[in-house]
Amino acid sequence: MAMKKTVLALDIGGTNTRAAIVDEDYHVLCEKILPTKRGNVNDFMEQIYTTIDELHYDISTISAIGAGVPGVVNRDTGYIYTLPNVGITNIPLGELLLQKYHKKLFLRNDAEVACLGEATIGKGKDYSATFFITISTGLGGSLTKDGHVQDYITEIGHTTFIYKDKPFEYEFLASGTGIVNLAKLYNLDIHSAKELFLLKEEKNQLAMLIYNEWLNILTSFLQLINNSYEPDIFVFTGGVFKSKEYFFEDLRLKNDNLYLEECDLKESAGLLGAAIYALQNI
């Protein structure tokens, strides 16, 4: 009986680095999570090596490496131009991993691989086109069609629109940080999205106004995506969705022409998506 193919999957974030060995049936055989080292490329790479080493798995037996990172990358070479949330630039990740482990790296943006994971084995698995949206510190998204990530919309959150006769990026007013920025436009000083939601629950009139403005902005964002890409399903994740009980049904009501669901794979979407991307390419 032939051995199942396995890959090393890396989900490298601004806070934590996750590594796992995943087989061709998308089973996680082992996994390790360690804090991401920030601000220095050498420290950053040493932490990746340590995370992989602590899997205690024979890396020589894997077929390839898949990774998702929160930054701008060259998919052909595995080169990372910038990781803003990690505070480093110009990391030849593909070259370094090839030198150390003699395995090819298949690298994409973290939103793209998370979308691929969710589209393949999560809420989007029964649909042709899945649009994955993360609402956290930033606002990001990616589109998967027929099991493959599309290449052209990873910076969708930076799309400009007009609000109160001024140009803004959707991320600036619709992300978790964006809710704080939006509140400032109305002279309400808050420190988090959750704070606004709680004030809204207390029937604070200004908070209710800002909340409705945020829903309208987010609705504009979703309808723009729908008109441009016509996905079958929108799947959401991110830090703001930890407070989904305060807003998700309202968002659905405002977008009753769209199919909106929460991410099924939760924090594992990026890791499994990175594995799936590598398995697709070996």
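Quick note: structure is the one above.
For the structure given in this document, a descriptive report is provided here.

For the protein, the helix and strand inventory stands at 9 helices and 15 strands. With the principal axes as the frame, the protein shows a C-alpha extent of 65 × 40 × 30 Å. Looking at the 282 residues of the protein, the share that counts as buried comes to 54%. Sequence separation of at least 24 residues holds for 61% of the intrachain contacts in the protein that already meet a minimum separation of 6. Accessible surface, the protein as shown: approximately 12900 Å² in total, 47% of it carbon and sulfur. Looking at the protein, you have 25 positive and 37 negative side-chain charges, and the mean spots of the two groups are 2 Å apart.

The next point concerns the sheet that holds strand S9 (residues 129-135). As summarised here, the arrangement of the 5 strands in space is S11-S10-S9-S14-S15, forming an open sheet in which the pairing is mixed. In the strand order of this sheet, the two ends are held by strand S11 (148-149) and strand S15 (260-262), each with one partner. Examined bridge by bridge, S9 and strand S10 (residues 139-145) share 7 bridges and lie antiparallel to one another. In the sheet register, Ile133 faces S10, and the bridge partner there is Gly141. Packing of helix H7 (residues 205-229) onto the sheet brings it into contact with S9, S10, strand S14 (233-237) and S15, and relative to S9 it is tilted by some 155 degrees.

Along its 12 residues, helix H3 (residues 110-121) runs 17 Å from first to last C-alpha, staying within 8% of the 16 Å computed at 1.5 Å per residue. Taking burial as the measure, the 12 residues of H3 include 9 buried ones, the bulk of the element. Structurally, the start of H3 carries an N-cap: the backbone nitrogen of Ala111 is 2.8 Å from a side-chain oxygen of Asn109.

Here the focus is the packing of aromatic side chains. In this structure the tally under the stated criterion is 21 aromatic pairs. A ring pair is formed by Phe161 and Tyr163, whose centres lie 6.4 Å apart and whose planes are at 45 degrees; its orientation type is tilted. A relative accessible area of 9% means that Phe161 is categorised as buried. Here Tyr163 falls in the buried class, since its relative accessible area comes to 8%. Geometrically, the ring pair formed by Phe236 and Phe241 is stacked, given 5.2 Å between the ring centres and 20 degrees between the ring planes.

Right, let's talk about the packing of helix H1 (residues 41-53) against helix H2 (residues 93-101) for a bit. At a closest axis distance of 12 Å, the pairing of H1 and H2 adopts a crossing angle of 45 degrees. Judged by the inter-axis angle, H1 sits oblique to H2. The crossing of H1 and H2 is right-handed. Along the contact surface, H1 presents Met45, Ile48, Tyr49, Ile52 and Asp53, while H2 presents Leu93, Leu96, Leu97, Lys100 and Tyr101. Taken together, the residues of the contact of H1 with H2 sort by class into 8 nonpolar, no polar and 2 charged.

What counts and how
Residues numbered from 1 in each chain as written. Predicted model: local features only at pLDDT ≥ 70, side-chain atom pairs only at ≥ 80, totals over all residues. Heavy atoms only, no water. Helix = DSSP H or I, 4+ residues; strand = E, 2+ residues; numbered from the N terminus. Buried < 20%, exposed > 50% of the residue type's maximum accessible area, 1.4 Å probe, protein only. Contact = heavy atoms within 4.5 Å. Areas by Shrake-Rupley, 256 points an atom, 1.4 Å probe, with all protein chains shown as cover. Lys, Arg positive; Asp, Glu negative; His and termini not counted. Charge placed at Lys NZ, Arg CZ, Asp CG, Glu CD. Pairing = 2+ DSSP bridges. Axes fitted to C-alpha atoms, helices over the stretch in contact; angles between N-to-C directions. Expected span 1.5 Å × (residues − 1). Polar contact = N/O pair within 3.5 Å; in protein donor to acceptor, adjacent residues only side chain to side chain. Phe/Tyr/Trp six-rings, centres within 6.5 Å; stacked < 30°, edge-to-face > 60°. Parallel < 35°, antiparallel > 145°, perpendicular 65-115°, else oblique. Left-handed = near helix turned anticlockwise from the far one by under 90°. Nonpolar A, V, L, I, M, F, W, Y, C, P; charged D, E, K, R; others polar.

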